[in-house]
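# Commentary on secondary and tertiary structure
In case you want the letters, here they are:
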Amino acid sequence: MADLKIVDTLVNKAIEEQKWEKACTNLNSLLKDCSMSIDRICLKMECLCRSFKFDEANKYSAECMKKDSLCNNPKILFWRGRILIYTGNELMGKKYFVQALNYDPDLK
């Protein structure tokens, strides 16, 4: 548990310093032990996008959509839509946004 807190601190520090790739590496480490952490999954998608790794973000978000426990989560759907738009697939991205809003109209 202490190791996870250290890695979480490293993630936050990397984000503060805008070292997106380093944050992704540390998030990978965190997600090995906390594979269903919605916030960490979304944070990884965001860091991948901020480091301009759109193909990797697209692949990762597609993998997340294959998991039953994640495919209906509005935050995951939002990031999947955003990544699709970033990669040039606006129509599919909008569909994910609409789906996210159906699950959580306020997208809190």
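See the structure above.
Attention here is on the structure that accompanies the text. (Residues numbered from 1 in each chain as written. Predicted model: local features only at pLDDT ≥ 70, side-chain atom pairs only at ≥ 80, totals over all residues. Heavy atoms only, no water.)

## Remarks on the overall build of the chain
The number of helices and strands found in the chain is 6 helices and 0 strands. Reading the helices (α) and strands (β) of the chain from amino to carboxyl end gives α-α-α-α-α-α. Relative to the globule expectation of 13 Å for 108 residues, the C-alpha radius of gyration of the chain, 14 Å, shows essentially globular dimensions. Dimensions along the principal axes, computed over C-alpha positions, put the chain at roughly 40 × 25 × 25 Å. Carbon and sulfur atoms form 51% of the exposed surface of the chain, whose accessible area is close to 6700 Å². Averaged over its 18 positive side-chain charges, the chain has a centre that lies 2 Å from the centre of its 15 negative ones. (Helix = DSSP H or I, 4+ residues; strand = E, 2+ residues; numbered from the N terminus. Rg over C-alpha atoms; globule rule 2.2 N^0.38 Å. Areas by Shrake-Rupley, 256 points an atom, 1.4 Å probe, with all protein chains shown as cover. Lys, Arg positive; Asp, Glu negative; His and termini not counted. Charge placed at Lys NZ, Arg CZ, Asp CG, Glu CD.)

## Quick notes on the pattern of salt bridges
Overall, the coordinates contain 5 salt bridges when judged by the stated rule. Residue Glu17 pairs with Lys19 through a salt bridge whose shortest N-O separation is 3.3 Å. (Salt bridge = Lys/Arg side-chain N within 4 Å of Asp/Glu carboxyl O.)

## Topic: the environment of Ser29
Structurally, the position occupied by Ser29 is in helix α2 (residues 20–33). Exposure remark for Ser29: the relative accessible area of 34% places this residue in the partly exposed category. Considered as a pair, Ser29 and Leu77 are 48 residues apart in the sequence and their alpha carbons are 23 Å apart. (Buried < 20%, exposed > 50% of the residue type's maximum accessible area, 1.4 Å probe, protein only.)

## Quick notes on the nonpolar core
If you look at the biggest cluster of nonpolar residues, it comprises 30 residues, and the most contacted ones within it are Ile41, Met45, Cys47, Tyr60, Cys64 and Ile76. For this core, the elements supplying multiple residues, two or more each, are α1 (2–16), α2, α3 (38–50), α4 (54–65), α5 (74–86) and α6 (90–103). With 8 residues, α3 is the single largest residue contributor to this core. Not counting residues up to four positions away in its chain, the partners in contact with Cys64 are Ile41, Met45, Leu70, Cys71 and Ile76. (Core = buried A, V, L, I, M, F, W, Y, C linked by side-chain atoms within 4.5 Å. Contact = heavy atoms within 4.5 Å.)

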